[in-house]
Amino acid sequence: MTKALIIGGGVAGPTSAIALEKAGIEPVVYEAYDRGADGIGQNLVLAVNGYSALLALGTGHLKAGFDVPRYRFHLGTGKKLAQVLNGDPLPDGTVGRAITRSDLYTTLRDRAIERGIEVNFGKRLVDAKVTADGVTAYFEDGSQAEGDVLIGADGMHSVTRKVIDPAKLTFRYGRLWTTGGYATGVSVPSHTGTEFMYLGKRGFFCHILDDEGRIWWYASITRPEEPTSQQLAAISPEDWRQQLIDTFSVDESAAVDIIKATESIWPPRPIQDIPHLPTWRNERMAVIGDACHAVSPSAGQGVSMAIEDSVVLGKCMRDIPDIAAALERYEQIRRERVEKVVAFGKQCSRTLEANGTVRRVGRDLFARLAFGEKTSAKGHESMRWLYDHRIDWDEHVDASTGSRTA
Ligand SMILES: Cc1cc2nc3c(=O)[nH]c(=O)nc-3n(C[C@H](O)[C@H](O)[C@H](O)COP(=O)(O)OP(=O)(O)OC[C@H]3O[C@@H](n4cnc5c(N)ncnc54)[C@H](O)[C@@H]3O)c2cc1C
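Please read all numbers here as calculations on a predicted model, not as lab measurements. (Residues numbered from 1 in each chain as written. Predicted model: local features only at pLDDT ≥ 70, side-chain atom pairs only at ≥ 80, totals over all residues. Heavy atoms only, no water.)

1. Here we look at helix H6 (residues 237–248)
Given 3.6 residues per turn, any residue in an α-helix points the same way as the ones three and four places further on. Between its terminal C-alpha atoms H6 stretches 17 Å, which fits the 16 Å expected from 12 residues at 1.5 Å a residue. Tucked into the core, H6 has its buried residues touching strand S13 (172–183), strand S15 (203–209), strand S16 (215–222) and helix H7 (255–260). (Helix = DSSP H or I, 4+ residues; strand = E, 2+ residues; numbered from the N terminus. Expected span 1.5 Å × (residues − 1). Contact = heavy atoms within 4.5 Å.)

Okay, here's the thing in structure tokens:
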């Protein structure tokens, strides 16, 4: 049986393991941490296209989290624009889902383990080599593992990506810093499951009420210059809280009350993406998820892309016996879509920038046009390429569709 070494136990790691196991391959997952990736307390929204791809694997619905079927835009003046669907629901009523990163990772790993998949923790990949008849992974603790194929699901700072192509990759900076948290004991205008989004005068703020009365929120503020890690480390939690309060105090929104009611605010994180990775694979290794196409969080699509990749990879490995040809086909199917989604994320980040009066006025004008009550239906139609994307697990993948080189 073909054995796949899967590096990373985040989203793409366990999901691709489930897809490969369904495809008749023996996957083994290696995760660097005991607890998972950093930012474990953060939350995210799984879009309906990604949820649909997950359900295509037969894993069932997510129990953790809560449904987020819609969002509504406001300007910083408090003016309400349109309320928009987060993509159309699936035929069974499934919609986008807000979930903590930790719950998502745990759920996916547990579902992999339930299927009998081996998941190893505390195994940090440091190197990998293609051998005469397979591939060997080397871990920081001195151990190694042999397999037929190695899948790098090891996130934005992927070691697998560097093994496949050592050329230095520079991330694109999105001119925004992002943050967020959970607020309790505060009552603000909200409806469960609706993302309340504010295009503020100096920053973007979004809050969602969960089923238990907690407010989940995230924000981005404009910072045209990319910070160094030393500059970020020098910002204390109290400085950061004050910067956020100052940023949002000029808006007609609940942002300041929410920030004040948040015990622990996530440290500032610069938004970065990977618009184009020249080399996704070699004859026995490939990268998936953020390792090959990190998307700006402004798009709310990174998890969905990681899940879609995983399902397509599983199908290619199931239907194309030659490993190199299967990896090539996976890239052929995925590259165009993920690069389009990364470009969309960049565009979203640009829209969220509030840098200078002229830019802000232009942005608000654009938002009034795009999210007016009459025009939002057109906007919904224009996003079908993203949210209506469906992957049929049972559909056969044909190997012979011309070549697109990496
Ligand atoms: C602030 C923020 C908010 C976001 N919000 C959203 C959102 O609302 N919706 C959305 O869809 N996406 C969102 N994203 C993006 C999303 O989190 C990522 O796209 C997604 O997690 C990618 O999954 P992945 O499995 O490829 O990588 P990751 O989730 O990063 O997982 C990689 C895993 O690999 C492990 N690893 C790393 N190096 C090694 C190694 N050398 N050896 C072994 N294991 C290793 C890590 O510990 C980690 O567990 C957000 C991102 C950020 C930063």
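2. So, the pattern of salt bridges
Tallied over the entire structure, the rule returns 21 salt bridges. Here Asp 88 makes a salt bridge to Arg 384, at a shortest N to O gap of 2.8 Å. Of this pair, Asp 88 sits in the loop between strand S6 (80–85) and strand S7 (97–100) while Arg 384 is found in helix H13 (residues 384–387), placing the two residues 296 residues apart along the sequence. Judged by its relative accessible area of 22%, Asp 88 falls in the partly exposed class. Its salt-bridge partner being Glu 353, residue Arg 350 comes within 3.1 Å of it at the nearest N-O pair. Classification of Glu 353 as buried rests on a relative accessible area of 0%. The network of salt bridges with common partners includes Asp 88, Glu 381, Arg 384 and Asp 388. (Salt bridge = Lys/Arg side-chain N within 4 Å of Asp/Glu carboxyl O. Buried < 20%, exposed > 50% of the residue type's maximum accessible area, 1.4 Å probe, protein only.)

3. So, unusual backbone geometry
Located in the positive-phi region is Arg 175, a residue other than glycine, with phi close to 60°. Positionally, Arg 175 belongs in strand S13. Relative accessible area serves as the criterion here: at 25%, Arg 175 is assigned to the partly exposed category.

4. Structural notes on the pairing of strand S10 (residues 135–139)
Burial analysis of S10 places 4 of its 5 residues in the buried class, which makes it a mostly covered element. Note that strand S9 (residues 125–130) and S10 share 5 bridges and pair antiparallel. Across the sheet, Lys 129 pairs through a bridge with Thr 136, a residue of S10. Between S9 and S10, which follow one another and run antiparallel, lie 4 residues. (Pairing = 2+ DSSP bridges.)

5. Re the side chain of His 74
The residue His 74 is located in strand S5 (residues 70–75) in this model. At 3.3 Å, the side chain of His 74 and the side chain of Arg 72 are in polar contact. (Polar contact = N/O pair within 3.5 Å; in protein donor to acceptor, adjacent residues only side chain to side chain.)

6. What to know about the sheet that holds strand S12 (residues 149–152)
Two modes of strand pairing occur in sheets, parallel and antiparallel, and in both the strands are linked by backbone hydrogen bonds. Spatial strand order, S8-S2-S1-S12-S18: 5 strands in an open sheet with parallel pairing. Two strands bound the open sheet, and with one partner strand each, they are strand S8 (118–120) and strand S18 (285–287). When strand polarity is set aside, the average angle formed by the axes of neighbouring strands in this sheet is 20°. Of the pairings in the sheet, the one linking S12 to S18 comprises 3 bridges and is parallel in character. (Axes fitted to C-alpha atoms, helices over the stretch in contact; angles between N-to-C directions.)

7. Notes on the site of the ligand
In the vicinity of the ligand there are 34 residues, among which Ala 12, Glu 31, Arg 101, Tyr 105 and Asp 290 approach most closely. A distance of 3.4 Å separates an oxygen atom of the ligand from a polar backbone atom of Gly 300. Relative to its unbound accessible area of 990 Å², the ligand is 91% covered by the protein chains. Elements with a contribution of two residues or more to the shell around the ligand: strand S3 (43–46), helix H3 (101–114) and helix H9 (302–319). For the shell around the ligand, the element with the highest residue contribution is H9, accounting for 4 residues. Of the residues belonging to the shell around the ligand, the class tally is 16 nonpolar, 11 polar and 7 charged. (Near = heavy atom within 4 Å. Areas by Shrake-Rupley, 256 points an atom, 1.4 Å probe, with all protein chains shown as cover. Nonpolar A, V, L, I, M, F, W, Y, C, P; charged D, E, K, R; others polar.)

8. Quick notes on the packing of H9 against helix H10 (residues 323–352)
The relative placement of two packed helices comes down to the angle between their axes together with the axis-to-axis distance. Where H9 meets H10, the axes come as close as 8 Å, and the angle between the chain directions of the two elements is 160°. It follows that H9 is roughly antiparallel to H10 by the angle criterion. When the axes of H9 and H10 are compared, the crossing they make is right-handed. Across the interface between the two elements, Met 305, Glu 308, Asp 309, Val 312, Leu 313, Cys 316 and Met 317 from H9 touch Ala 326, Leu 327, Arg 329, Tyr 330, Ile 333, Arg 334, Arg 337, Val 338 and Val 341 from H10. Among the residues making up the contact of H9 with H10, the classes are represented as 11 nonpolar, no polar and 5 charged. (Parallel < 35°, antiparallel > 145°, perpendicular 65-115°, else oblique. Left-handed = near helix turned anticlockwise from the far one by under 90°.)

9. Quick notes on the environment of Lys 315
Take Lys 315: it is sitting in helix H9. Residue class for Lys 315 comes out buried when judged on its relative accessible area of 5%. Each C-alpha atom of the pair Lys 315 and Thr 131 lies 25 Å from the other, and the pair is 184 residues apart in sequence.

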